[in-house]
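Overview (structure and organization)
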Amino acid sequence: MMEFIFDAPTVIRTKRDGGRLTDAEIDWVIDAYTRGRVADEQMSALLMAIFLRGMDRGEISRWTTAMIASGERLDFSDLRRDGRRVPTVDKHSTGGVGDKITIPLVAVIAACGAAVPQAAGRGLGHTGGTLDKLESIPGFTAEISKAQVRQQLSEIGAAIFAAGELAPADRKIYALRDVTATVESLPLIASSVMSKKLAEGADALVLDVKVGRGAFLKTEAESRELAATMVELGEAQGVPTRALLTDMDVPLGRTAGNALEVAESLEVLAGGGPDDVVELTVRLAVEMLDLAGIDGTDPAQTLRDGTAMDRFRALVSAQGGDVDAPLPIGAHSETVRAPRSGTMGDIDAMAVGLTVWRLGAGRASPGERVQAGAGVRIHRRPGEPVSAGEPLFTLYTDTAERMPAALGELDGAWSVVHDRPAEPIPGSLRSGPPQRPLIIDRIA
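Rules behind the numbers
Residues numbered from 1 in each chain as written. Predicted model: local features only at pLDDT ≥ 70, side-chain atom pairs only at ≥ 80, totals over all residues. Heavy atoms only, no water. UniProt positions renumbered as here; feature names shortened; annotations may be inferred. Pairing = 2+ DSSP bridges. Helix = DSSP H or I, 4+ residues; strand = E, 2+ residues; numbered from the N terminus. Axes fitted to C-alpha atoms, helices over the stretch in contact; angles between N-to-C directions. Contact = heavy atoms within 4.5 Å. Core = buried A, V, L, I, M, F, W, Y, C linked by side-chain atoms within 4.5 Å. Buried < 20%, exposed > 50% of the residue type's maximum accessible area, 1.4 Å probe, protein only. Patch = residues over 30% accessible without salt bridge, like charges linked within 9 Å, V, L, I, M, F, W, Y side chains within 5 Å. Areas by Shrake-Rupley, 256 points an atom, 1.4 Å probe, with all protein chains shown as cover. Salt bridge = Lys/Arg side-chain N within 4 Å of Asp/Glu carboxyl O. Expected span 1.5 Å × (residues − 1). Parallel < 35°, antiparallel > 145°, perpendicular 65-115°, else oblique. Left-handed = near helix turned anticlockwise from the far one by under 90°. Nonpolar A, V, L, I, M, F, W, Y, C, P; charged D, E, K, R; others polar.

Taking an unreviewed UniProt entry as the reference, the chain is identified by name as Thymidine phosphorylase belonging to Mycobacterium pinniadriaticum. UniProt annotates the chain under Subunit (unreviewed entry) with the comment "Homodimer."

Structure, rendered in structure tokens:
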């Protein structure tokens, strides 16, 4: 019956002209697109109309619910280990540059006694995807069955898997957003994140909402609104949800890419790694463990004593990967060197993200393969001393002809200044030129 009531051009026109979509219109267009009865070009037009005209909270809530209803919803409420129920909790980041936090964080939470059913995504726009990163580990697969997900959660405490039949409408829309310049839309970001995360069946959810140049939403006000919207969507579905606002003006850590970020994550799991990556991992772990009702554990200790690394090794092995196998690295490299001595100044996260995308670590069309070994190594972070002629950035790619455009993106995105290194910002391990603290605020 619905097929005769609604049609795609009318729905597109309503939103194009600034109108409000009804619940029935939203239900119809999501279902019809999932079934292939609305074409990609029609959904692309609707996404652009939403990008330009926005949605109110009611529309966002219904859009999210419709995407959840497009597939199955997992349930781990009966998950047990050693006769006791295991609480499940997950984390999602809204996307950043060098944001490899999921990799050590999932292992830390598992080591502390909770379980993480992580339905992860691929790269979107200038930001990297957890699945693309993990698939740079030889043999690793994210295509695992529901039975294997449940077994890993019970035995290891973690599974990182492709969404599969979870919110299949979002999977199709996600790919379209990546190639139609409609990524940076608050309604589309909120509904995309929450449809997948609510469908995966975790008891609780913590959100890492990025703020700054490398985030999809640039202003703190927009990021706050996004965080509040997603917390509201989670709570409305009965899933306790909270969010941290975190800085994304400069890249996280010293690498951006796929295999490069995995290597850095392994450093963190081995008790080392960049201070900001460790700090954010531990802060998010504290929030997740609190929501999961687990106390008396120190997430930082799991990095120091190797228990988190043990969990990560077990996870990768269970999913066919070999942590000890050499990680790929781009066959071609170029190094950007310091023109003078001084102190490393600003590094623009967005420019680094676009550089990595140009090198081949991201996609320009749906389904395109990414280069596992493409990326950027950051040798000097803001506030660190620099000597004339020393390496500041090394760029890697398997496709030499990509290098000039990538270097062009990086040009002008950093500086070397003459003043002395800045002291660390109070309450943060970050140093360098004046900037926001790494953890800006907490929204619950």
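Let's shift gears to the sheet that holds strand β8 (residues 255-257). Adjacent strands of a sheet pair through backbone hydrogen bonds, lying either parallel or antiparallel. Strand order in the open sheet made by the 4 strands is β8-β11-β13-β9, with antiparallel pairing throughout. Strand pairing shows two members of the sheet lacking a second neighbour, β8 and β9 (332-337), which therefore form its edges. Put simply, the sheet's adjacent strands are angled 10° from each other on average, direction ignored. Direction of pairing for β9 relative to strand β13 (residues 391-397): antiparallel, over a ladder of 6 bridges. Its bridge partner being in β13, E334 is matched across the sheet by L395. Set on the sheet, helix α16 (residues 349-361) makes contact with β8, β11 (375-378) and β13; between it and β11 the angle comes to about 135°.

Next up on the list: the nonpolar core. Membership of the largest hydrophobic core comes to 73 residues, with the highest contact counts inside it found for I109, F312, F393, L395 and W414. When near neighbours in sequence (up to four residues on either side) are disregarded, L395 contacts H332, S333, E334, V336, T355, L359, G375, V376, M403, A406, L407 and L410. Judged by nonpolar contacts, the second largest core, of 63 residues, contains I144, F161, L186 and L233.

Turning next to a nonpolar patch on the surface. A cluster of nonpolar side chains, contributed by M48, F51 and L52, occupies part of the molecular surface with about 270 Å² of accessible area. Along the chain, M48 turns up in helix α4 (residues 40-53).

Taking 1.5 Å per residue as the helical rise, helix α3 (residues 23-34) with its 12 residues ought to reach 16 Å, and the 17 Å between its terminal C-alpha atoms agrees with that figure. Residues E25, I26, W28, V29, I30, A32 and Y33 constitute the buried set of α3. Backbone geometry just after α3 places G36 at a positive phi near 85°.

Here we take up the packing of helix α5 (residues 57-69) against helix α10 (residues 186-199). Where α5 contacts α10, the axes come no closer than 9 Å and their chain directions differ by 40°. Comparing their axes, α10 and α5 come out oblique. Where α5 crosses over α10, the handedness of that crossing is right-handed. Across the interface between the two elements, I60, W63, T64, M67 and I68 of α5 pack against L186, P187, L188, A190, S191, S192, M194, S195, L198 and A199 of α10. Here the residues of the contact of α5 with α10 sort into 11 nonpolar, 4 polar and no charged.

The next thing to look at is the sheet that holds strand β6 (residues 204-211). Reading across the sheet, the 4 strands line up as β3-β6-β7-β15 and stay open at both edges, with mixed pairing between neighbours. Of all strands in the sheet, those with a lone pairing partner are β3 (89-93) and β15 (439-443), marking the two edges. Strand-to-strand twist across the sheet, computed as the mean angle between neighbouring axes with direction ignored, equals 20°. Where strand β7 (residues 241-247) lies against β15, 4 bridges are found, and the strand directions are antiparallel. By the bridge assignment, A243 is partnered in β15 with I443. Against the sheet, helix α11 (residues 220-236) touches β6, β7 and β15, its axis set at about 160° to β7.

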